[in-house]
Amino acid sequence: MTEKQHSGDSYWLNTAPGGERRPALADGLDVDVAVIGGGIAGLCTAWELARAGRSVAVLEAGRLAAGVTGHTTAKVTALHSLVYDKLRRTRGSEGARLYARSQAEAIERTAGVVEELGVECEWERRGSYTYVTDADRVDEVRAEARAAREAGLPASFVTETGLPFPVAGAVEVPDQAQFHPRKYLLAIADDIETHGGRLYEDTTVLGLKEGEPCRLSTSTGASVTARDVVVATHYPVFDRALLFTRLSPRRELVVAGPVPAELDPQGMYITPYGGSRSVRTAPYGDDASRRLLVVTGEHFTPGTGDTRARFDRLAQWARRHFPGVELTHFWATQDNDPTDTVPLVGPLHQGAEHTYVATGFGGWGMSGGMMAGRLLTALITGGECAWAGLYDPRRVASAVREAPAFLKHQAQVAGHFVGDRLRPSPPVEALPPGEGAVVRTDNGRLAVYRDDVGTLHAVSARCTHMGCLVDFNAAERAWECPCHGSRFDTEGNVVQGPATKPLERRDI
């Protein structure tokens, strides 16, 4: 990857800029439901609630559909890598069936919205595949195909795909979907306003006081009163439910560029092995002779390792398997993996009566976010939802059953909290332009960045979420927290939560 190639913005953001910004919240507001977060989960929830006759407001810290949702690969599928065989063993056959049904119905719900609103969002039906190239892994995909089929999906085991290289085996589920996520969600946002909903950008929610009603405080100084509150900020910005102990942040890289249409593999593909690789294509403007190839992989914990080397490996993989691809976009996405496999959607904590959360989609936020909108709307309006218990964040049995994953995550967090403070401190003078490092000074650990003209920028290295030390991502020029995934720009401003406060600026 070169700096000339790396734009930092996703293709979806570049091709659907979104027009004028919606206003920040300036005055007090009183609504039935306040939704915190304007990504796919938040906007789908707000849309469902507005259609159900509730007055609703969406409060987004940045721009609508421009955070994690704006950097996704936008595969809308119920086949989530190798999840069904695990669900069958940990949640039983009924749990696996409910998971498959909830995800499949979310896809069809979205297809109906696209048709009803006439959304031009490049909606395409494609088969979805989980594949392996190692013959020793074939039994795993055979078991997944059986489990997915028993869960109600039209799944089958195949050995032939549209990929330009042989596979040892794959699970195939036909008639799934892919789309342009930002074009879809901007249309949803417009329809929310048509039905009386209110949308605010550049409005960070800083505080939540639960009660009847609930009260929110914001970065603009305006307050919000709401009967119900939905926290849909990808990673919850409130820690009272201790959900941060059950979520593991994972960053993943994306490269994209046009290929001749004849190289289109005619499907959506993923393998969980070899650093993970996901492949799909999309329409490339009005040029029918070419398709946009989108390849993801190289997942890692934020704030760890050499991101530029990872970009290079992913780009080399794409060029090797799709000769002639002209890689024009390099970006990254971030996901939160729940320690017990299933997303957390429902009441915010054990005693919650009017606060709800949607998080932990594990890389499958498109169908998961759509599912969450329907589930939360049912809970808020008193409706029925067959899979509410499956996704309930208050669940205990599954958390206990999958305790090893929970304990491993906590050990990793503890390791960063302690171990990162023992790292050697590089000399500031040796820091080249475009690089950053955490250095030890008389004023404590500082995160120091030298810009392209040589000027130093220093901020506190302590993440404002829970105090872990950040590290520098040179490819994206950002400070990242390896404990819970908060990200900051080189001036210390919050790029991604759960942190809501910037890193304190310091002199050096």
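Residues numbered from 1 in each chain as written. Predicted model: local features only at pLDDT ≥ 70, side-chain atom pairs only at ≥ 80, totals over all residues. Heavy atoms only, no water.

## Describing helix H6 (residues 181-194)
Look at H6: 20 Å from first C-alpha to last across 14 residues, which is about the 20 Å you get at 1.5 Å a residue. Within H6, the full set of buried residues consists of Pro 181, Arg 182, Tyr 184, Leu 185, Leu 186, Ile 188, Ala 189, Asp 191 and Ile 192. After H6 finishes, the residue Gly 196 shows a positive phi value of roughly 95 degrees. (Helix = DSSP H or I, 4+ residues; strand = E, 2+ residues; numbered from the N terminus. Expected span 1.5 Å × (residues − 1). Buried < 20%, exposed > 50% of the residue type's maximum accessible area, 1.4 Å probe, protein only.)

## Notes on the nonpolar core
In this structure, Leu 43, Tyr 84, Tyr 184, Val 345 and Tyr 391 are the most contacted members of the largest nonpolar core, which totals 77 residues. Core analysis: the next-biggest nonpolar cluster, separate from the first, contains 27 residues, Leu 216, Val 229, Leu 348 and Val 357 among them. (Core = buried A, V, L, I, M, F, W, Y, C linked by side-chain atoms within 4.5 Å.)

## So, the packing of aromatic side chains
Counting across every chain of the model gives 12 aromatic pairs. A centroid spacing of 4.7 Å and a plane angle of 15 degrees characterise the contact between Tyr 129 and Tyr 269, whose relative ring orientation is stacked. With Tyr 129 in strand E4 (residues 124-132) and Tyr 269 in strand E12 (residues 268-271), the pair connects residues that are 140 residues apart, well separated along the chain. Under the relative-accessibility criterion, Tyr 129 is labelled buried at 9%. Overall, Tyr 269 belongs to the buried group, its relative accessible area being 1%. (Phe/Tyr/Trp six-rings, centres within 6.5 Å; stacked < 30°, edge-to-face > 60°.)

## Brief notes about unusual backbone geometry
Following Glu 212, the chain continues into Pro 213 via a peptide bond in cis, with omega recorded as 10 degrees. Looking at the element boundaries, Pro 213 is found in the loop between strand E8 (205-209) and strand E9 (214-218). Phi at Arg 477 is positive, roughly 50 degrees, even though this residue is not glycine. Along the chain, the position of Arg 477 falls in the loop between strand E21 (471-473) and strand E22 (478-480).

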